[in-house]
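# A look at the structure
These are the residues of each chain, in order.
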Amino acid sequence: MNEDDLYMRLSRLETVEDLAACLQELRHSAGNWPLKRIEKWGAERGKKLAPSTVSEVLLAKRLPQQRLLMDLLEAFGVTDPAHLSVWVQARERVTRDSSATPQSTSAQAVGQVPAAMFFDRRDDLFDISKQIKSAQSEVWLWGATLTMHLDYLVKYFGAAAVRDVSIKVLLITRQGRAMDMNAFRMSGQLRPADVSHLQAGLDYHLELLARVAGSHPNLEVRQVDYLAPYTLYAYDPGLPSGRMDLRLGSFLGDHDMRPTFRLAREGDGEWFDYFCEQFVRVWDVAEPYRGADSG
């Protein structure tokens, strides 16, 4: 690899794919480190470089957070401040949206935006299925049990997997604090009957997902003993066209009155990155679902 050519390309790149290609070249010049070696290098230095996250970055499935980018550059031997600056500027150019003004500053300029213009009362199941059908790279689904939607959406997963679209489904564990809190949030009491009802729904949908995953390895399911404060659906989160739907949790709430909002990478870059990173952090510590005995 000609270093001058690489930095010339970095100074001009505009896409996630271009940035990933430059990182791949840098990795190759450093000895083509396997993902496990990268992870070990990071662990020895207190840096989290999970193979799944690094792989997604190198395959242009997601844009690296600046911290992750700097860690990878250090691993591959880039320490010159001038060279580091070129990489950081390249990443910023990829994430730059049409307006360089932070949203909070814009809100101050135009006045307070009514919540009714930002939140919807409910999510649009038809739109979610449409986004899954049109995804180019990957889809993320993150919720407690997702029993309200999986019956309808699972039929679209197989078709997406055939198109080499990666689908990641993140749910809570069958037993643990998250399941108890989910039951308490639903009824205001920690009743065994409520826990059993939620467990049965989770078991059914895990088996449903396992059947699809059996013939489509691009579908991954993981579980974690953590109850997120929202449900998240993300479509091509690593691409400039990425978008996501988020639905806030509620205590003893009506399903049709949960605040729902939408973000796009183009226009919501900073907050879009925040929710992407939250998903990836939890995904990295979650356990893969391996059958009825693993939950």
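Note that this is a predicted model, so its numbers are computed, not measured.

A word on a nonpolar patch on the surface. Taken together, the side chains of Phe184, Leu190, Phe251 and Leu252 present a nonpolar region at the surface, about 410 Å² in accessible area. Within the element layout of this structure, Leu190 appears in the loop between α10 (177–187) and α11 (192–215).

On to the packing of aromatic side chains, then. Centre-to-centre distance and the angle between the planes together describe a pair of aromatic rings. Counting across every chain of the model gives twelve aromatic pairs. When the centroid spacing of 6.2 Å and the interplanar angle of 85° are considered together, the rings of Trp33 and Phe76 count as edge-to-face. A residue pair is termed long-range when its members are at least 10 positions apart, and Trp33 in the loop between α2 (16–29) and α3 (35–44) and Phe76 in the loop between α5 (66–75) and α6 (81–95) qualify at 43 residues. A residue is classified by how much of its surface remains accessible, and Phe76, at 7% relative accessible area, is buried. On the basis of an interplanar angle of 40° and a centroid distance of 5.6 Å, the ring pair of Phe184 and Phe251 is categorised as tilted. One end of the pair, Phe184, is in helix α10; the other, Phe251, is in the loop between β5 (243–248) and β6 (260–264), and 67 residues separate them in sequence. Among the aromatic residues, ring-to-ring pairing joins Trp140, Trp142, Tyr230, Phe261, Trp271, Tyr274, Phe275, Phe279 and Trp283 into one connected group.

Another aspect to go through is the packing of α10 against α11. Remark: α10 packs on α11, axes separated minimally by 9 Å, with the N-to-C direction vectors making an angle of 115°. Here α10 runs over α11; the crossing is right-handed. When α10 is examined against α11, the residues Met179, Asp180, Asn182, Ala183, Met186 and Ser187 are found in contact with a partner set consisting of Asp194, Val195, Leu198, Gln199 and Leu202. The residue inventory of the contact of α10 with α11, partitioned by class, reads six nonpolar, three polar and two charged.

A word on the nonpolar core. Residues Ile132, Val139, Leu141, Phe157, Ile167, Val169 and Leu209 are the most contacted members of the largest nonpolar core, which totals 34 residues. Breaking this core down by element, the ones donating at least two residues are α8 (125–134), β1 (138–142), α9 (150–162), β2 (166–172), α10, α11, β3 (219–224) and β4 (230–235). Considering every element that reaches this core, the biggest residue donor is α11, with seven residues. Ignoring anything within four residues of it in the chain, the contact list for Ile132 reads Val139, Leu153, Tyr156, Phe157, Ala160, Arg163 and Tyr235. The next biggest cluster of nonpolar side chains, apart from the first, holds 30 residues, and it includes Leu6, Tyr7, Leu10 and Trp87.

Each value, and the rule that gives it
Residues numbered from 1 in each chain as written. Predicted model: local features only at pLDDT ≥ 70, side-chain atom pairs only at ≥ 80, totals over all residues. Heavy atoms only, no water. Patch = residues over 30% accessible without salt bridge, like charges linked within 9 Å, V, L, I, M, F, W, Y side chains within 5 Å. Areas by Shrake-Rupley, 256 points an atom, 1.4 Å probe, with all protein chains shown as cover. Salt bridge = Lys/Arg side-chain N within 4 Å of Asp/Glu carboxyl O. Helix = DSSP H or I, 4+ residues; strand = E, 2+ residues; numbered from the N terminus. Phe/Tyr/Trp six-rings, centres within 6.5 Å; stacked < 30°, edge-to-face > 60°. Buried < 20%, exposed > 50% of the residue type's maximum accessible area, 1.4 Å probe, protein only. Axes fitted to C-alpha atoms, helices over the stretch in contact; angles between N-to-C directions. Left-handed = near helix turned anticlockwise from the far one by under 90°. Contact = heavy atoms within 4.5 Å. Nonpolar A, V, L, I, M, F, W, Y, C, P; charged D, E, K, R; others polar. Core = buried A, V, L, I, M, F, W, Y, C linked by side-chain atoms within 4.5 Å.

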